[in-house]
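Each chain is listed here by its residues.
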Amino acid sequence: MGEVVASDVKGGGSTVTDSSLKTIFDPVVLRFAVLTYLVVLPVGHLVAIPVSGTMAAGSDFFLALVLLAGVVEIGRVSRPYFTGKVEKVPLLSGHGAFHMAAFLMITFSAWVAFGALWGLDPNYAIAKGLAFAALSMGALAIVWCGVGWEKAADAWLLGTAVCLIVTWFGVLVGPEVLQERVSYGGGSIRGLPMPRISGPFPHPNMFGDYLVVSGAILWVRWGALRDAWRWGAVPAAWLLAGTLFMTVSSAWLGAGVLLTAIGLLTVRQRGGRVRFQKKRPAPFLLVVAGVVLFTMTLAALVVPMGADVAGLSLTASGIRPAIWSSALEVFREAPIGGVGASPFFALAADPLNATSPVQLWDAHNIYLSILGQFGLVGAALFGGAVAVLASTLVRAGATRKHAVLLVALFAAGIHGVAVANEEFRHLWALAGLIGLASVPQWAQGQWWKEEDLREKKGVTPLVPYEVAEE
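Heads up: these notes are all about the structure in this document. Just so we're clear, the structure is a prediction, and the values are computed from it rather than from any experiment. (Residues numbered from 1 in each chain as written. Predicted model: local features only at pLDDT ≥ 70, side-chain atom pairs only at ≥ 80, totals over all residues. Heavy atoms only, no water.)

**Considerations on the packing of helix H14 (residues 366-396) against helix H16 (residues 425-437)**
The angle between the axes and the distance between the axes are what describe a pair of packed helices. Running from N to C, H14 and H16 point in directions that differ by 40°, and their axes come no closer than 9 Å. Classed by the angle they form, the pair H14 and H16 counts as oblique. Our pair here, H14 against H16, has a crossing hand that is left-handed. Between H14 and H16, the residues in contact are Phe-382, Leu-389, Thr-392 and Leu-393 and Trp-428, Ala-431 and Ile-434, respectively. The residue inventory of the contact of H14 with H16, partitioned by class, reads six nonpolar, one polar and no charged. (Axes fitted to C-alpha atoms, helices over the stretch in contact; angles between N-to-C directions. Helix = DSSP H or I, 4+ residues; strand = E, 2+ residues; numbered from the N terminus. Parallel < 35°, antiparallel > 145°, perpendicular 65-115°, else oblique. Left-handed = near helix turned anticlockwise from the far one by under 90°. Contact = heavy atoms within 4.5 Å. Nonpolar A, V, L, I, M, F, W, Y, C, P; charged D, E, K, R; others polar.)

Here it is as structure tokens:
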């Protein structure tokens, strides 16, 4: 790339080269921290530390490094700005909508912490508010780290690969402590011949949700990864799908949505319209598999049932409707501001066990969880942020990347019907990837070169750089 000429220079004429722009604006430290965070995000859950009634994960340490790197970058960029060497800092194209979403998320975080004034557990409310604020800033850091979307997605998939390796090493040959950590023997489904797989995450539902999002990202990057990995790409995809199957989790709801979407979008890509072709049955089979998986999972979650399959006596408690009813009553007690952040606020007993005592639960539903804890105010802030994220994908265009990210967001929302997933760290990172995808492709990873890139594209620069003579 050539030189970028300053539009107005104090004391005569001067130029600033592309390399000097990169020195000033290229957030190298932040980019390295963000990519590292995306890689270690899943396996970081192996470390859990109790904090004020909640659990901090090992990945939170790397999130703190991301935020620290952001502070370092702000200090590095602001120094030439305040010393007069650079009079205007280039802006990231396409960032406005995501900044509105980030503002709503941070405001939601403040509202969560503010609930300490009327909640039963003030320390928990403050801890959750700070955690949500850090996750929001982490999503912003992903957008501003100066990395292209494809590289960020590949870092996510590398983290998924490491997560799967650690999980199956623990299941098959790992030490007993790791084997117990990546397996899960409890839950409302009983009679399985082997423990469910939870991976590094605390619960199979969380692990399954992460794998569904990873599956969507893998679908976007499939062509490039297949060329890079060659014969290893297909086994890796099947390993991801098989691990998701072994979670036996409510995340199968999201998996059903993803399979259905893959089938429908594949039909659109191949036929130009929704029309199944006999010579290409794969899309039709994916749609059928997705609908069946979604329907059977939903039924197992809401209806107490038992079945004998291959000599096994399987039962599902179907306890969620009782939990939802209790959570709804909590929302009715304080509809505007909620009752404040609380790890448990619903009461329910096992429908399959007449002698089962009433136990405390979380809402097992993201919508009731937010309404019950944070009221209509919190729901409006959180829902508004998600709506803005979805709208950025819709406005960005009908490319495969944007369509699949919208599907991933929708699948997470559908899964939210059965699980309180506002605390799932990977979904906040997904928000950052969505924000990064809304940035024009030509500006991703090099937004500080915006003027030069626009000149090469024949577009008049909107915000020229003004560089003072040293």
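**With respect to the packing of aromatic side chains**
All chains considered together, the criterion is met by 13 aromatic pairs. Centroid distance Phe-114 to Trp-118: 5.6 Å. Interplanar angle 80°. Geometry classified as edge-to-face. Look at Phe-132 and Trp-428: their rings are 5.4 Å apart centre to centre, the planes differ by 15°, and that puts the pair in the stacked class. Pair noted here: Phe-132 is in helix H5 (residues 122-144) and Trp-428 is in helix H16, with a separation of 296 residues, a long-range link. Considered together, Phe-132 and Trp-428 belong to a single accessibility category, that of buried residues. Here the aromatic cluster, defined as three or more aromatic residues joined through ring pairs, consists of Phe-108, Phe-132, Phe-374, Phe-382 and Trp-428. (Phe/Tyr/Trp six-rings, centres within 6.5 Å; stacked < 30°, edge-to-face > 60°. Buried < 20%, exposed > 50% of the residue type's maximum accessible area, 1.4 Å probe, protein only.)

**A short note on the pairing of strand E4 (residues 54-57)**
Summarising the sheet, strand E3 (residues 48-51) and E4 pair through four bridges and their orientation is antiparallel. Paired with Ala-48 across the two strands is Ala-57, which belongs to E4. Where E3 folds back onto E4 in an antiparallel hairpin, the turn is made up of two residues, including Ser-52, whose phi is positive at roughly 55°. (Pairing = 2+ DSSP bridges.)

**Here we look at the layout of surface pockets**
A volume near 950 Å³ is recorded for the second largest pocket. Considering the residues around the second largest pocket, the lining is formed by 26 residues, among which Ala-237, Ala-241, Leu-259, Ile-262 and Leu-286 are closest to the centre. Within the residue set of the lining of the second largest pocket, elements represented by two or more residues are helix H8 (204-220), helix H9 (222-229), helix H10 (233-247), helix H11 (252-271) and helix H12 (282-302). For the lining of the second largest pocket, the element with the highest residue contribution is H10, accounting for eight residues. Its residues placed into classes, the lining of the second largest pocket shows 20 nonpolar, four polar and two charged. (1 Å grid on protein atoms, 1.4 Å probe; cavity = no way out; pocket = protein on both sides within 12 Å on 5 of 7 lines; lining within 4 Å. Points joined across faces, edges and corners; volume = space filled by probe spheres on them.)

**Examining the pattern of salt bridges**
Applying the stated criterion to the full structure yields six salt bridges. With its nearest N and O atoms 2.7 Å apart, the salt bridge here joins Arg-76 to Glu-73. Here Arg-76 pairs with Glu-73, and both are found in helix H3 (residues 58-82), just three residues apart, close to one helical turn. For Arg-76, a relative accessible area of 30% puts it in the partly exposed group. On the basis of relative accessible area, Glu-73 is assigned to the buried category, the value being 5%. Here Asp-154 ties to Arg-221 by a salt bridge, and the two come within 2.9 Å at their closest N and O atoms. Remark: Arg-221 occurs in the loop between H8 and H9 and Asp-154 occurs in helix H6 (residues 149-172); sequence separation between them is 67 residues. (Salt bridge = Lys/Arg side-chain N within 4 Å of Asp/Glu carboxyl O.)

**Topic: the nonpolar core**
As a rule of thumb, nonpolar side chains are buried together in soluble globular proteins. One finds Val-34, Leu-38, Phe-108, Trp-149 and Trp-156 to be the most contacted residues of the largest nonpolar core, which totals 100 residues. Looking at this core, the element that brings in the most residues is H8, giving 11 residues. Grouped together as the second largest cluster of nonpolar side chains are 10 residues, Trp-324, Val-330, Ala-348 and Ala-363 included. (Core = buried A, V, L, I, M, F, W, Y, C linked by side-chain atoms within 4.5 Å.)

**Details of the packing of helix H13 (residues 320-333) against H14**
As a packed pair, H13 and H14 sit with axes 8 Å apart at the nearest point and diverge in direction by 15°. Accordingly, the angle class assigned to the pair H13 and H14 is roughly parallel. Judged by the sense of rotation from one axis to the other, the crossing of H13 with H14 is left-handed. Counted together, Trp-324, Ala-327, Leu-328, Val-330 and Phe-331 of H13 and Leu-368, Leu-371, Gly-372 and Leu-376 of H14 form the full contact between these two elements.

**A short note on the environment of Ser-369**
With respect to the element layout, Ser-369 can be found in helix H14. Distance in space between the C-alpha atoms of Ser-369 and Ala-341 is 9.3 Å, their sequence separation being 28 residues. Aside from chain neighbours lying at most four places away, what touches Ser-369 is Phe-345, Ala-363, Ala-420 and Glu-422.

**Quick word on the side chain of His-45**
Structurally, His-45 is set in the loop between helix H2 (28-40) and E3. Setting aside chain neighbours within four positions, we find His-45 in contact with Ala-57, Ser-59, Arg-181, Pro-200, Phe-201, Pro-202, Met-206 and Arg-425.

**Focus: the side chain of Arg-320**
Counting through the fold element by element, Arg-320 comes out in helix H13. Notably, Arg-320 is buried but unbridged: the nearest opposite-charge side chain belongs to Asp-362, and the N-O separation is 7.5 Å. Excluding its chain neighbours within four sequence positions, the residues that come into contact with Arg-320 are Ser-188, Asn-205, Ser-250, Leu-301, His-364 and Ala-418. (Lys, Arg positive; Asp, Glu negative; His and termini not counted.)

**Focus on a nonpolar patch on the surface**
Taken together, Phe-61, Leu-65, Leu-68, Val-71 and Val-72 make up a surface patch of nonpolar side chains, about 480 Å² in accessible area. Examined against the element boundaries, Leu-65 turns out to sit in helix H3. (Patch = residues over 30% accessible without salt bridge, like charges linked within 9 Å, V, L, I, M, F, W, Y side chains within 5 Å. Areas by Shrake-Rupley, 256 points an atom, 1.4 Å probe, with all protein chains shown as cover.)

**Here's the deal with unusual backbone geometry**
Even without glycine at this site, Ser-52 takes up a positive phi of about 55°. Assignment of secondary structure puts Ser-52 in the loop between E3 and E4.

**Focus on H10**
The first and last C-alpha atoms of H10 sit 22 Å apart over 15 residues, in line with the 21 Å expected at 1.5 Å per residue. Turning to H10, its buried residues are Ala-233, Leu-240, Thr-243, Leu-244, Met-246 and Thr-247. The buried residues of H10 occupy an angular sector of 160° when the element is viewed end-on, so they sit on one face. Every exposed residue of H10 that faces more than 90 degrees away from the buried side is listed here: Trp-238 and Phe-245. (Expected span 1.5 Å × (residues − 1). Arc of directions from axis to C-beta.)

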